[in-house]
Amino acid sequence: MAFISSGYNPDKPMENRITDIGPKKYDEFYPPVIKNNKGKWLYHEILEPGVLVHVSETGDEVYSIRVGGARIMSVSHIREICDIADKHCDGHLRFTTRNNIEFMVDSKDKVEPLKKDLASRKFDGGSFKFPIGGTGAGVTNIVHTQGWIHCHTPATDASGPVKATMDVLFDDFQNMRLPAQLRVSLACCLNMCGAVHCSDIAILGYHRKPPMLDHEYLDKMCEIPLAIAACPTAAIKPAKVELADGTKVNSVSVNEPRCMFCGNCYTMCPAMPLADDVGDGIVIMAGGKVSNRITAPKFSKVVVAFLPNNAPRWPETTDCIKKIVEAYAAGANKYERVGEWAERIGWERFFEKCEIEFTHHLIDDFRDPAYYTWRHTTQFKF
Amino acid sequence: MAKHETPLLDQLESGPWPSFVSDLKQEAKSRKDNKKGLDYQIPVDVCEDLLGVLELSFKHGRTHWKHGGIVGVFGYGGGVIGRYCDQPKMFPGVAHFHTMRVNQPAGKFYTTEYLRQLCDLWEFRGSGITNMHGSTGDIILLGTTTPQLEEIFWTLTHDMNQDLGGSGSNLRTPSDCVGEARCEWSCYDTQAICHALTVEYQDELHRPAFPYKFKFKFDGCPNCCVASIARADISFVGTWRDNIRIDQEAVKAYVGGEIPPNGGSHAGRDWGPFDIQKEVIGLCPTNCMWMEGKELKIEDRECTRCMHCINVMPRALRIGEDRGCSMLVGAKAPILDGAQMGSLLVPFIKVEEPYDEIKEVIESIWDYWMEEGKNRERLGELMKRQGFQRLLEMTNIKPVPQHVQEPRHNPYIFWKEDEVEGGFDRDVNEFRKHHLR
């Protein structure tokens, strides 16, 4: 391959340089029906799973067909999305916050041909390219992070467990039988690029072994004070270490019982890796939400302390999630989110109904907020 | 014949949900076939090596990516994340595999013309693999080599009028919900302010000068579809301060079963006939609604705008007309000191161009945080360390009961000297005249 210049001149980087122009302006991309009715929408209705109509005070209607997508997308796949949008939607589309794609048309007669086209497209391996769904009282797409495909700190993969989970929950992506919407999220480590801490069900990658110490290289690869400062529990101290050949080097020591395996030290110091095939795995959290509807937004609570990274399909994780979803579907009142249901019946009942064993790991012992999660009343259920 | 055997990944091709493995294989084949005769600027087998290294991670149960080095485009401190494979000899195609964050348009509407342009660029100068989109909101271009970074930036800025997003200790790319563009509940134009502030604060976005990351997110209403309240250092959540608009005829239609409740979202199960008492009035968190005959009444002064009744009866109930947003601050994920939800700082503010009042709040928060925040300390952590009062003081906002869930549980008030009559300076000898040692 020969290097082909875009026009950039490395000898004169500032020549004709354009910077700080920001994103494209949103309204360049609006379909006409959106441009004409922005701020004038009266109401909407979900006509069937994955199909919404919004009705404007002008009398205009926009029909949105929502389809799921793997967050990882090739340009071939995006071009296919463009082909569909060119054919049915005059070259417009949008993505949602949860990695769904929305194809919008301005009249009802355009809906069926579009749906048929979308549903007919499959990958060579057999999976749907554009499954229609993700609306209303069901499961929508999982928001997630990079995992093993691109990140340096993950304790689990992202795309793999997401694919496995969505295969198991697929019926609920295309149905609206649940008491309310159910949001599943995945973050492949505690950094939570995906902010899963307020999801109905969160899948969280977690390390369980303290960092290994690459003493010979630590002082060369890292700023030792930064590694020490990075530890939230002050478990890392400076240390002089004698290597096997007798040379003494500056390094660190880790007070292992104080380690909470957050990996923040590794973020600051690559000579302190935590990753481990059996140490790493998945924490399941449940009962969070971000909506202010009826009750205040809630954090997700840890309901399973550890499940193994059993690639490629993480069966322990998907089984656990399926159990929670089924218990919730059977027990919650209409409009009740997972967390609201758990609070109404009591967490002791939640564990019983979801057939999850309660262990000491689930009792908070991290700093002040822990106390507020213990039970301070004689009211409990047997 | 694939370059690497991928027996574990192959098992993720079955099942109904779109398989990223099938998609990666499709791209690998497209590059190999190269029907357009492109002179690919990074290795042609990049997707095959990506599948190979991922298969190895599935086998090992560990990632094979190293820390990023310092790579980027000239003059910017963010927007590019360096990424190197820890088995470069086995997978030379992904030995250097840097990410570029491309600032998405507010609302994430696109034309196919734009997306095709982006695809052409990324196929030619990158792996052809993207995330649509990353968690923060950017278009993520996954995997290119260092020499291509400036070339891609040049094409983006010169040919596509498109800039990079944020990364590192700076303003991260702001993002928003669909807003007024296609939602009847949006209390302000989320796209307009998201775009305006992104453009206004380009310097803060591209050149890291903050203690740590800082996020803006714009939710048009308290349903919080972009989860601003859980993850933004400043969340802008739409609200109103007058009355919910009621269409009594539509209320009757809901009660009569002519319109499906909650926009038809519960159609997958027979929940029985709609019961306004049980499903709306009885679930209202403030009990501020009741029926008078066939009319629905709301004591709006007691309403906390939770959206439930509006969500259930979108054709009968509409958001008020005196709209703006609430600003909550300090939300973050658990690293390091535990997760924090946004805390209400500005109960109501108008969201109108040129957003001067809002910018004033933002900039006073930044001044405070940049002065007092420690390295890698999020705003929420600083607030916990120094107290909410300090934030009110620094932003010059008057304390109101709306700021708290409930008053403090202890009387350990840090009285300031100027709050106490006579100050703290006293004469112990004068005291001892009346109180013997």
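Treat the numbers as computed from the prediction; the structure is a model and nothing was measured.

For chain A, the helix and strand inventory stands at 11 helices and 12 strands. In terms of overall dimensions, chain A has C-alpha extents of about 80 × 75 × 40 Å along its principal axes. In chain A, which comprises 382 residues, the share counted as buried stands at 59%. In chain A, the proportion of contacts linking residues at least 24 apart, taken out of those at least 6 apart, comes to 64%. If you sum the accessible surface of chain A, you get close to 15,400 Å²; carbon and sulfur atoms cover 52% of it.

The next thing to look at is unusual backbone geometry. Pro 312 of chain A follows Ala 311 of chain A through a cis peptide bond whose omega is 5°. Structurally, Pro 312 of chain A can be placed in the loop between strand S12 (301-308) and helix H9 (315-331). Across the junction of Met 132 of chain B and His 133 of chain B, the peptide omega takes the value 10°, indicating a cis bond. Relative to the elements of secondary structure, His 133 of chain B occurs in the loop between strand S6 (129-132) and strand S7 (139-142). The residue Asn 34 of chain B is not glycine, and still its phi comes out positive at about 40°. Tracing the backbone through its elements, the reader meets Asn 34 of chain B in the loop between helix H2 (20-33) and helix H3 (46-60). For Asn 34 of chain B, a relative accessible area of 22% gives the class partly exposed.

It is worth spelling out the packing of helix H12 (residues 356-372) of chain B against helix H13 (residues 379-386) of chain B at this point. All names here are of chain B. Their axes nearest at 11 Å, the elements H12 and H13 cross at an angle of 75°. Of the possible angle classes, the one that applies to H12 and H13 is roughly perpendicular. Between H12, through Ile 365, Tyr 368, Trp 369 and Glu 372, and H13, the contact on the second element is made entirely by Leu 379, Leu 382, Arg 385 and Gln 386. Counted by class, the contact of H12 with H13 contains 5 nonpolar, 1 polar and 2 charged residues.

Taken in spatial order, the 6 strands line up as S1(A)-S2(A)-S3(A)-S6(A)-S5(A)-S5(B) in an open sheet, and their pairing is antiparallel. Here the strands that pair on one side only, and so sit at the sheet edges, are strand S1 (41-48) of chain A together with strand S5 (109-111) of chain B. Neighbouring strand axes in the sheet, compared pairwise and without regard to direction, differ in orientation by 30° on average. By the bridge criterion, 2 bridges tie strand S5 (residues 92-95) of chain A to strand S6 (residues 101-105) of chain A in an arrangement that is antiparallel. Pairing of Arg 94 of chain A across the sheet is with Glu 102 of chain A, part of S6 of chain A. Those strands touched by helix H2 (residues 75-88) of chain A are S5 and S6 of chain A, and its axis lies near 15° from that of S6 of chain A. Of the strands in this sheet, S1, strand S2 (51-56), strand S3 (61-67) and S6 of chain A touch helix H3 (residues 111-120) of chain A, which is tilted by about 10° from S3 of chain A.

The next point concerns empty space enclosed by the protein. Summed over all chains, the structure comprises 9 cavities of 30 Å³ or more. Quantified by volume, the second largest cavity comes out at close to 140 Å³. The wall of the second largest cavity is formed by Asn 191, Met 192, Cys 193 and Ala 195 of chain A together with Tyr 212, Lys 213, Lys 215, Arg 231, Lys 332, Ala 333, Ile 335 and Arg 378 of chain B. Taken together, the residues of the lining of the second largest cavity break down into 6 nonpolar, 1 polar and 5 charged.

Another aspect to go through is the sheet that holds strand S15 (residues 323-329) of chain B. All names here are of chain B. A sheet is described by the order of its strands in space; here 5 strands give the open sequence S8-S9-S10-S15-S16, paired in mixed fashion. Edge positions in the open sheet fall to strand S8 (175-176) and strand S16 (343-349), since each of these has one partner strand only. In this sheet, S16 lies alongside S15 in antiparallel orientation, the contact comprising 4 bridges. Bridging from a neighbouring strand, Leu 328 pairs with Leu 344 of S16. Along the sheet, helix H6 (residues 190-200) contacts S8, strand S9 (216-219) and strand S10 (234-240); its crossing angle with S9, the most-contacted strand, is approximately 165°.

Residue and element names in this part refer to chain B. Here Thr 173 shows up in the loop between helix H5 (146-159) and S8. Taking the C-alpha atoms as reference points, Thr 173 and Arg 101, separated by 72 residues in sequence, lie 9.0 Å from one another. Of the polar contacts made by the side chain of Thr 173, one reaches the side chain of Asp 138; its length is 2.7 Å. Of the polar contacts made by the side chain of Thr 173, one reaches the backbone nitrogen of Gly 166; its length is 3.0 Å.

Attention now moves to the interface of chain B and chain A. Quite often, the size of an interface is put as the accessible area lost when its parts meet. The interface is formed by 142 residues belonging to chain B together with 140 residues belonging to chain A. Together, the buried faces of chain B and chain A total about 12,500 Å²; carbon and sulfur atoms form 59% of this surface. Looking at the side of chain B facing chain A, the largest losses of area belong to Trp 17, His 67 and Arg 182 of chain B, adding up to 8% of the total buried there. Viewed at the interface, chain A and chain B are joined by 10 salt bridges. Of the charged contacts in the structure, one is a salt bridge between Asp 189 of chain B and Lys 38 of chain A, with a shortest N-O distance of 2.9 Å. Counting across the chain B and chain A interface gives 73 residue pairs in polar contact (both at pLDDT 80 or more).

Scoring rules and cut-offs
Residues numbered from 1 in each chain as written. Chains lettered and ligands numbered in written order. Predicted model: local features only at pLDDT ≥ 70, side-chain atom pairs only at ≥ 80, totals over all residues. Heavy atoms only, no water. Helix = DSSP H or I, 4+ residues; strand = E, 2+ residues; numbered from the N terminus. Buried < 20%, exposed > 50% of the residue type's maximum accessible area, 1.4 Å probe, protein only. Contact = heavy atoms within 4.5 Å. Areas by Shrake-Rupley, 256 points an atom, 1.4 Å probe, with all protein chains shown as cover. Axes fitted to C-alpha atoms, helices over the stretch in contact; angles between N-to-C directions. Parallel < 35°, antiparallel > 145°, perpendicular 65-115°, else oblique. Nonpolar A, V, L, I, M, F, W, Y, C, P; charged D, E, K, R; others polar. Pairing = 2+ DSSP bridges. 1 Å grid on protein atoms, 1.4 Å probe; cavity = no way out; pocket = protein on both sides within 12 Å on 5 of 7 lines; lining within 4 Å. Points joined across faces, edges and corners; volume = space filled by probe spheres on them. Polar contact = N/O pair within 3.5 Å; in protein donor to acceptor, adjacent residues only side chain to side chain. Buried area = accessible area lost by both parts, 1.4 Å probe. Salt bridge = Lys/Arg side-chain N within 4 Å of Asp/Glu carboxyl O.

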